[in-house]
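Chain by chain, the residues run as shown.
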Amino acid sequence: MKKNTPNLAFSFSKIYCSLFGHDYLLSKNVTHHIKEYTCAHCGEQATTNSRGRLEVMTPKLKEINNALAFVHAKKQAKASNPNTSLKIAL
Ligand SMILES: [Zn+2]
């Protein structure tokens, strides 16, 4: 009898993580303070929330991060453009 278990490695990772905790690796810088992480074992995603704590990624948090990243990119663009800064100062 041959057992076909293609998800064995994935399930094992889940068990490993539930026993030893996730091994989160930085996957994306959203802003200077908010970052996204992905677990090296099971691929689960987490993010730093507005209070600086690590939270499991949800579609809602993903949406917030995308919005923050957009605003952050805009701010960065303004900061590197002296003409725009001058206009704001006046
Ligand atoms: Zn994990």
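Above this text is the structure in question.
Trainee: Explain the overall build of the protein chain to me, please; I cannot follow it from the model alone.
Mentor: Along the protein chain, the regular secondary structure elements total three helices and four strands. In the protein chain, which comprises 90 residues, the proportion classed as buried is 19%. Across the protein chain, the fraction of contacts at a sequence separation of at least 24, relative to all contacts at a separation of at least 6, is 26%. For the protein chain, the exposed area adds up to about 7200 Å²; of that, 60% sits on carbon and sulfur atoms.

Trainee: Explain the side chain of Glu36 here, please?
Mentor: Structurally, the position occupied by Glu36 is in strand E2 (residues 35-39). Owing to a relative accessible area of 2%, Glu36 belongs among the buried residues under this scheme. In contact with Glu36, not counting residues within four places along its chain, are Leu25, Leu26, Ser27, Lys28, Val30, Gln45, Ala46, Thr47, Met57, Lys62 and Asn65.

Trainee: Hey, could you run me through a nonpolar patch on the surface in this one?
Mentor: A grouping of Ile15, Leu19 and Phe20 is seen on the molecular surface, where their side chains present a nonpolar patch of about 370 Å² in accessible area. Within the fold, Phe20 resides in helix H1 (residues 8-20). Judged by its relative accessible area of 62%, Phe20 falls in the exposed class.

Trainee: Is there a simple way to think about the coordination of the zinc ion in this case?
Mentor: Metal coordination angles in their ideal form are 109.5 degrees for the four-donor tetrahedron and 90 or 180 degrees for the six-donor octahedron. At 2.0 to 2.4 Å from the zinc ion lie its protein donor atoms, namely Cys17 (SG), His22 (ND1), Cys39 (SG) and Cys42 (SG). Metal-centred angles of 102 to 113° between the four donor atoms at the zinc ion mark the site as tetrahedral. All donor residues of the zinc ion come from one chain, and their arrangement in sequence is C-x4-H-x16-C-x2-C. Highlighted residues: His22 in the loop between H1 and strand E1 (24-29) and Cys42 in the loop between E2 and strand E3 (45-48), separated in sequence by 20 residues. A residue is classified by how much of its surface remains accessible, and His22, at 31% relative accessible area, is partly exposed.

Trainee: How do you make sense of the sheet that holds E2 when you look at a structure like this?
Mentor: Strand pairing in a sheet is mediated by backbone hydrogen bonds. Such pairs are either parallel or antiparallel. Pairing is antiparallel in the open sheet, where four strands are placed in the order E1-E2-E3-E4. Only two strands of the sheet have a single neighbouring strand rather than two, namely E1 and strand E4 (54-56). Ignoring strand direction, the axes of neighbouring strands in this sheet form an average angle of 35°. Sheet topology note: the E2/E3 ladder contains three bridges and is antiparallel.

Trainee: Honestly, the packing of aromatic side chains in this entry has me stumped. Any pointers?
Mentor: For the coordinates displayed, the defined rule picks out one aromatic pair. Ring geometry for Tyr16 against Phe20: centres 4.8 Å apart, planes inclined by 45°, an arrangement best described as tilted. Note that Tyr16 and Phe20 are positioned in helix H1 at a spacing of four residues, about one turn of the helix.

Scoring rules and cut-offs
- Residues numbered from 1 in each chain as written.
- Predicted model: local features only at pLDDT ≥ 70, side-chain atom pairs only at ≥ 80, totals over all residues.
- Heavy atoms only, no water.
- Helix = DSSP H or I, 4+ residues; strand = E, 2+ residues; numbered from the N terminus.
- Buried < 20%, exposed > 50% of the residue type's maximum accessible area, 1.4 Å probe, protein only.
- Contact = heavy atoms within 4.5 Å.
- Areas by Shrake-Rupley, 256 points an atom, 1.4 Å probe, with all protein chains shown as cover.
- Patch = residues over 30% accessible without salt bridge, like charges linked within 9 Å, V, L, I, M, F, W, Y side chains within 5 Å.
- Salt bridge = Lys/Arg side-chain N within 4 Å of Asp/Glu carboxyl O.
- Donors = N, O, S within 2.8 Å, 3.2 Å for Na, K, Ca; no water.
- Tetrahedral: all angles 85-135°; square planar, octahedral: opposite > 155°, others 65-115°.
- Pairing = 2+ DSSP bridges.
- Axes fitted to C-alpha atoms, helices over the stretch in contact; angles between N-to-C directions.
- Phe/Tyr/Trp six-rings, centres within 6.5 Å; stacked < 30°, edge-to-face > 60°.

Taken by themselves, the reported measurements are silent on function.
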